[in-house]
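Read off the chains here:
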Amino acid sequence: MKTLLILIMAIQLLLASNNSVNTHKVRILETIVKGITLQEKIVVWSDNNSLLSVLKKQNNIETSYKCINSTLIILEKNKNLKEECLSKKIFVLNYNLLSTIKKSFGALFWKKGRPNIVFIEPRLKSQSISISKDLESYLEDRVW
Amino acid sequence: MKIVLIILVFFLVLSAQELKLDNLLKEYEDSASLYKKTKKESAGFLLIYSREDIEKMQAFSLKDILKTVRAYTLQTHAIGVFKLQLSGQGKSALPPVKLYIDNFEVTTVAQGNALDIYGDMNIYFVDHIEIYQGASSIAFGNSPGSMVIRLYSKDPTRENSSSVELATDSKLSLNVRGVHAGIFKDYEYLFYANAKKINYDKYERNQQELSRDSKDYQAHFKISRKDDFEIVTDFISASSDIFNGLGQAPLGDESQRDYAYIDVRKHFNSDITLSASVSSERKMFINSDAIGIGPQKIKDVDVDIKSHTYKIDLRKKIVYENHDFLMGIEFQQNKLNIERYKVENIVPIIGPKKLDIYMIYFEELYNLNKDNLFALSAKFDYYKNSFSKESSEYALRASYISLFNDNWSGKFFFIRRYLYPNMLQTTFTPIVYNPNPELNAVHIDMALAELEYKKDKNRIVFGYGGKIVKDALGFDKIQRKYINLEDNQYFNRIYIRGEHHFNLDNKIVVEYFKVFKESYNSPASGMLIQSFNSIGKFSIYNEFTYRKAYDVDYGLGYVHIDNGYDYTVAVSYPVNKAMEIKVKAENIFDKASETLIDAEGLVKVPAIQRRTIMSLEYTF
């Protein structure tokens, strides 16, 4: 039993750094989602299962385990985007996906060793998505 | 007035919200820093230069980092290259500094150590640097060194960009470097290239100009697939004017050092790794002297040496309950070829040209509980050279790391290790001294302790290291060769380091070290003060390095070298998201620690010369 406890503690210690990374990422995404207004109620789905689990656990924003029941997708990989969900609003976790998925309106991504946020203004307007004032400093007029 | 106040409050609230998200991004960046994944606390006394540190320092080359490392002093070699001098060591000693670029250990056969080639390498492709002092892990590779420098290249998944930087300085030097990294399907790749021409102050000796101007080129390519494989290849060519050379009145000429390697790694089931590498190096050296070199008064030296190193390593990691066990085997072969040796009528003395090393190693990390870790390492090596000289050596290490309470922690290491002679000492070296094929390994016993106190935003570290060196290598001036000394050598050193982190962007570091040893020849103590700051969009870095005065004897009696004070400032400003302007002033007071070049004491040269560097970086 003692060994089991030590093992659990060791695993917790190992996971601690990764959790810390995820926690920060989740806090940023929560802040972004709260700053977005859609015409319908925001329900989030993500193809990143661990991210979705943490978002659900935090319970600060509404989430769904099914893409079809969501209104906002946080997408990490293009191959995970199902055809029946193409009509949803899409926020991506990779800058290149902004070019691949023409309707994706924003991204949280790593570039030059730093995390960045960007919203593409024309795409927000065309999809009637509004963002709060505190997100406006991340607006860009096009994908570079 | 009321409206003005409302507007003011509105903007204050607005900026506070923006700040909040920016702060979250900053915290995310900090928590995800790569060094937090790669650092190995159990491997020794650890110094970390994070990516943000390196960027704020505007550390162009590795030597910009090395000059701040405690217990070492950056010096200039008489042939124009940089060398790191360990405090307390004699001037002819070859410091056993080991250099890793990612997982590849740069093994040199024709040089004193890897820094002769890579010491002035640009580190634009490097994410962070870890320096382990005193008690490097056996798992790091063969013949554990007194200091292990690990460079980790940028992670392509976090780069996703191309950057180019152009720099020039007050000596009209030019430095161009670029890095391109990203992801293609499942593959991560990084490509880096650098070309630079660095000009230095000129000196004069015996009516001859001493120049150490250099030209360097480097290319580095890495491709990998997560948990599957990694291939890294690198080529560097460094040439420099001969400076003083080996004599007293150099007539120009130059030395050139080329190094290339390819390192392939395959991971099986995430716990078995097979790696193989081939490296090739070339050292060309042309030195003509008006007076003559050495007692034979040789006027012209023209030498071209080539060497190859082959390595293959298989290691397995077993994680079982609270045990973390590593075992591995490695084979290494070093070969040296003398392509050209034109030294008037002298026939060179050449020792064994081939050395085979067979290694087996084990390392066990045992987590007694979440606050206490024991580590035991053992390594057994068998050496055989082409003169049939055989030698069996071993290295042992025991360490204990403990978190005593929320504020105090400690690291304790007990080590028995050895240091095998360099092929420069056993096989071949041009003129200055003779090789000694009969040299035996140096045996070292060490005890080290480090205590750390952490509270809120403060961190204080006290360190002590003591070692006894048996069969130490010393230079015999009569026989003009390295020999094993009969008397034991004793080294003791202490250091204290304090850090205060104002916030994620601002911190100050103060450090002091002292070495206790009878005979010096290099600074016995030193100090470092660094401040890393961000004010608005400006990044500001201040650095003050002190090295104590020392006396050195090159054969005509002791010459005094004054205290060295190097004050360096670096400021950068991002013009927009793509462009950044940087300015750096090095050795502002022109008082950095100097190296004696001649026995008469007339030529004293700082490794870091006074200069201002301006650079412009553009990211696509």
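Residues numbered from 1 in each chain as written. Chains lettered and ligands numbered in written order. Predicted model: local features only at pLDDT ≥ 70, side-chain atom pairs only at ≥ 80, totals over all residues.

A word on the sheet that holds strand E3 (residues 72–75) of chain A
Residue and element names in this part refer to chain A.
Reasoning step 1: Read across the sheet, six strands follow the order E2-E3-E4-E5-E6-E8 without closing on themselves; strand pairing throughout is mixed. Lying at the two open borders of the sheet, with one neighbouring strand each, are strand E2 (44–46) and strand E8 (139–140).
Reasoning step 2: Across two bridges, the pairing between strand E4 (residues 89–92) and strand E5 (residues 106–111) is parallel. Within E5, the position partnered with Phe91 by the bridge is Gly106. (Pairing = 2+ DSSP bridges. Helix = DSSP H or I, 4+ residues; strand = E, 2+ residues; numbered from the N terminus.)

Here we look at the environment of Val278(B)
Reasoning step 1: Tracing the chain through its elements places Val278(B) in strand E16 (residues 272–293).
Reasoning step 2: In contact with Val278(B), other than residues within four places in its own chain, are Tyr261(B), Ile262(B) and Tyr310(B). (Contact = placed C-beta atoms within 7 Å.)

Topic: the pairing of strand E10 (residues 187–198) of chain B
Two faces belong to every sheet, and in a regular strand the side chains alternate between them.
Residues and elements named next belong to chain B.
Reasoning step 1: Only one face of E10 is covered, namely the one carrying Glu188, Leu190, Tyr192, Asn194, Lys196 and Ile198; the face carrying Tyr187, Tyr189, Phe191, Ala193, Ala195 and Lys197 has none of its residues buried.
Reasoning step 2: Pairing geometry for strand E9 (residues 174–184) and E10, over 11 bridges, is antiparallel. Note on E10: the bridge partner recorded for Asn175 is Lys196.
Reasoning step 3: Counting the residues that bridge the hairpin from E9 to E10 gives two residues, and of these Lys185 lies at a positive phi of roughly 55°.
Reasoning step 4: Pairing of E10 with strand E13 (residues 214–225), which is carried by 12 bridges, proceeds in the antiparallel orientation. Each bridged residue has a counterpart across the sheet, and for Tyr189 the counterpart in E13 is Ile223. (Buried ≥ 20, exposed ≤ 12 C-beta atoms within 10 Å, placed from the backbone.)

A look at the pairing of E9(B)
Residues and elements named next belong to chain B.
Reasoning step 1: Bridging between strand E8 (residues 161–169) and E9 involves eight bridges; their strand directions are antiparallel. For Ser162, the partnering residue across the bridge sits in E9 and is His180.
Reasoning step 2: The loop that links E8 with its antiparallel partner E9 comprises four residues; one of these, Leu172, has a positive phi angle of about 65°.

Structural notes on the environment of Ser307(B)
Residues and elements named next belong to chain B.
Reasoning step 1: As for its placement among the helices and strands, Ser307 is situated in strand E17 (residues 298–320).
Reasoning step 2: C-alpha of Ser307 to C-alpha of Lys335: the two residues are 28 residues apart in sequence and 5.4 Å apart in space.
Reasoning step 3: Ser307 has contacts with Val109, Ala110, Glu281, Asn334, Lys335, Leu336 and Asn337, leaving out every residue within four places of it along the chain.

These figures come from the coordinates and say nothing about function on their own.
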